[in-house]
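# Chain and residue survey
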Amino acid sequence: MHIERNVSLRDYNSFGLPAVARTLVRIHEEADVRRVVDHPELGIAPKFVLGGGSNIVLTRDVQPVVLKVEILGKRIAEEREDCWIVEAGAGESWHGLVEWTLDHGIPGLENLALIPGTVGASPVQNIGAYGVELKDRFDSLDLVDFTTGRRATLPRAACRFGYRDSIFKHELAGKSLITRVRFRLPRPWQSELGYLDLERKMHEAGISAPSPRQVFDWVCQIRRAKLPDPAVIGNAGSFFKNPVVTEEQCRDIIGRDPEIVHYPMPDGSVKLAAGWLIDACGWKGKSVGQAGVYEKQALVLVNRGGAIGAEVLTLARAIQESVYGRFGIRLEPEPVVL
Ligand code: EPU
């Protein structure tokens with residue numbers, strides 16, 4: 001096991017924010033986690049698991065031991081009559097996995113194309129886009145417990161998935177490292193085309209029964225048009241979750257702002273488009289230092305070049321205050337702030 005000291009994390013977070021990891025260990029296989037757990041110094045130290053760094057805001061140097069997950073491998077674990085089970089190492093690129101499954105004739109992940117980050121991070125925040133969430137395609141995962149060094153397999157119910165949420169953000173935060181994830185991709189494939197942007201694409205192309213590859217291409221086009229490529233402009237995707245309010249609260253807001261974008265949920269609550277709320281407060285294109293609000297999508301904060309974490313946080317707080325002042329709604333950040 002190679003222990004690295006004082007490693008710059010600038011290239012390891014999609015926001016491109018400067019911070020240094022005091023101690024960093026690259027995890028290539030399950031046994032590496034056990035080596036960390038058994039190590040006299042690292043074993044007892046707090047730990048931070050780093051995947052693709054696409055959902056973090058680094059505001060200072062990182063004191064916990066950074067475990068950078070680089071476990072690779074993709075395989076079709078099982079081919080059943082009603083589904084394929086695909087397994088991938090936690091360090092694999094998420095989008096790479098989506099492409100790989102389609103190349104192998106296995107559809108089901110196409111709506112989740114181009115989401116930045118790694119396979120291991122995907123269950124942590126239950127990634128979702130265009131009508132599909134990871135939990136809809138999830139089978140199980142393997143993790144190694146930091147206290148015991150033992151491996152465990154968690155089925156879907158144990159992960160307690162919610163909207164951009166899971167047990168790994170709560171009870172299991174900082175307690176284990178996800179090594180492998182298995183996906184259950186149902187056969188026969190059924191398209192998920194209910195999202196407005198996709199309906200628009202179908203209409204424009206005059207295609208009513210698109211192939212999985214066609215859906216993949218559309219999702220890539222939609223995302224490229226709206227969301228900044230982190231390789232070009234640093235960002236962490238949606239910076240805030242879409243807030244959920246009661247029907248009564250929503251009626252009250254609609255009374256004042258009839259155009260508010262909102263989606264009724266099956267349980268009677270209503271989800272509001274945070275991007276719309278932020279946009280309505282006039283934030284698009286605004287900046288604090290080198291941290292800014294993306295011009296094409298107010299929900300995304302960007303690094304205009306050389307931003308520091310404190311600037312991102314100051315901007316985020318100013319947005320939260322102004323949305324609260326106008327709508328009485330508290331926006332909750334989606335990325336982990338360190
Ligand atoms: N809107 C505005 N102004 C803006 C941004 C959005 O008026 O500046 C309006 C849009 O016109 C639209 C509505 O708000 O009517 C919702 O916007 P959009 O369809 O772009 O989706 P979103 O709610 O902003 C969510 C996810 C994205 C995911 C898309 C597609 C969250 C927090 N974000 O965005 O996920 O890709 O839906 O499913 O749930 C991510 O989590 O990082 C992410 C990018």
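This report concerns the structure included in the present document.

### So, the site of the ligand
- Neighbouring residues of the ligand: 24 residues in total, closest Tyr130, Tyr163, Asp279, Gln297 and Ala298.
- The backbone of Tyr130 places a nitrogen or oxygen atom 2.7 Å from an oxygen atom of the ligand.
- Within the side chain of Asp279, one N or O atom sits 2.8 Å away from a nitrogen atom of the ligand.
- Compared with its free state, where it exposes 820 Å², the ligand has 82% of that area covered by protein.
- Counting only elements with at least two residues in the shell around the ligand, the list comes to strand S8 (128-129), helix H4 (212-226), strand S13 (234-238) and helix H6 (274-280).
- Tallying contributions element by element places H6 first for the shell around the ligand, with 3 residues.

### Structural notes on the packing of helix H3 (residues 196-205) against H4
- Running from N to C, H3 and H4 cross one another at 115 degrees; their axes reach a closest spacing of 10 Å. Regarding H3 and H4, the two cross each other, and that crossing is right-handed. Counting all contacts with H3, which are made through Asp197, Leu198, Lys201, Met202 and Ala205, the residues of H4 involved are Trp218, Val219, Gln221, Ile222 and Lys226.
- By residue class, the composition of the contact of H3 with H4 is 6 nonpolar, 1 polar and 3 charged.

### Some remarks on the side chain of Asp139
- Turning to its location among the elements, Asp139 is positioned in strand S10 (residues 138-145).
- There is a polar contact of 3.0 Å between the side chain of Asp139 and the side chain of Ser140.
- Separated by 2.8 Å, the side chains of Asp139 and Arg184 make a polar contact.

### Section: the environment of Asp217
- With respect to the secondary-structure elements, Asp217 resides in helix H4.
- On a C-alpha basis, the gap between Asp217 and Glu110 in space is 8.5 Å, while along the polypeptide they are 107 residues apart.

### With respect to a nonpolar patch on the surface
- Where nonpolar side chains cluster on the molecular surface, the patch consists of Tyr195, Leu196, Val261 and Tyr263 and spans about 350 Å² of accessible area.
- By secondary structure assignment, the location of Tyr263 is in strand S15 (residues 262-264).
- Looking at Tyr263, the relative accessible area reads 37%, which means it is partly exposed.

### With respect to H3
- For H3, the complete set of buried residues consists of Asp197, Leu198, Lys201 and Met202. Axial view of H3: buried residues confined to an arc of 140 degrees, hence all on one face. Away from its buried face, by an angle of more than 90 degrees, H3 presents the exposed residues Leu196, His203 and Glu204.
- Along its buried surface, H3 packs onto H4.
- Immediately beyond the C-terminal end of H3, within one or two residues, lies Gly206, with a positive phi of roughly 65 degrees.

How each quantity is defined
Residues numbered from 1 in each chain as written. Predicted model: local features only at pLDDT ≥ 70, side-chain atom pairs only at ≥ 80, totals over all residues. Heavy atoms only, no water. Near = heavy atom within 4 Å. Polar contact = N/O pair within 3.5 Å; in protein donor to acceptor, adjacent residues only side chain to side chain. Areas by Shrake-Rupley, 256 points an atom, 1.4 Å probe, with all protein chains shown as cover. Helix = DSSP H or I, 4+ residues; strand = E, 2+ residues; numbered from the N terminus. Axes fitted to C-alpha atoms, helices over the stretch in contact; angles between N-to-C directions. Left-handed = near helix turned anticlockwise from the far one by under 90°. Contact = heavy atoms within 4.5 Å. Nonpolar A, V, L, I, M, F, W, Y, C, P; charged D, E, K, R; others polar. Patch = residues over 30% accessible without salt bridge, like charges linked within 9 Å, V, L, I, M, F, W, Y side chains within 5 Å. Salt bridge = Lys/Arg side-chain N within 4 Å of Asp/Glu carboxyl O. Buried < 20%, exposed > 50% of the residue type's maximum accessible area, 1.4 Å probe, protein only. Arc of directions from axis to C-beta.

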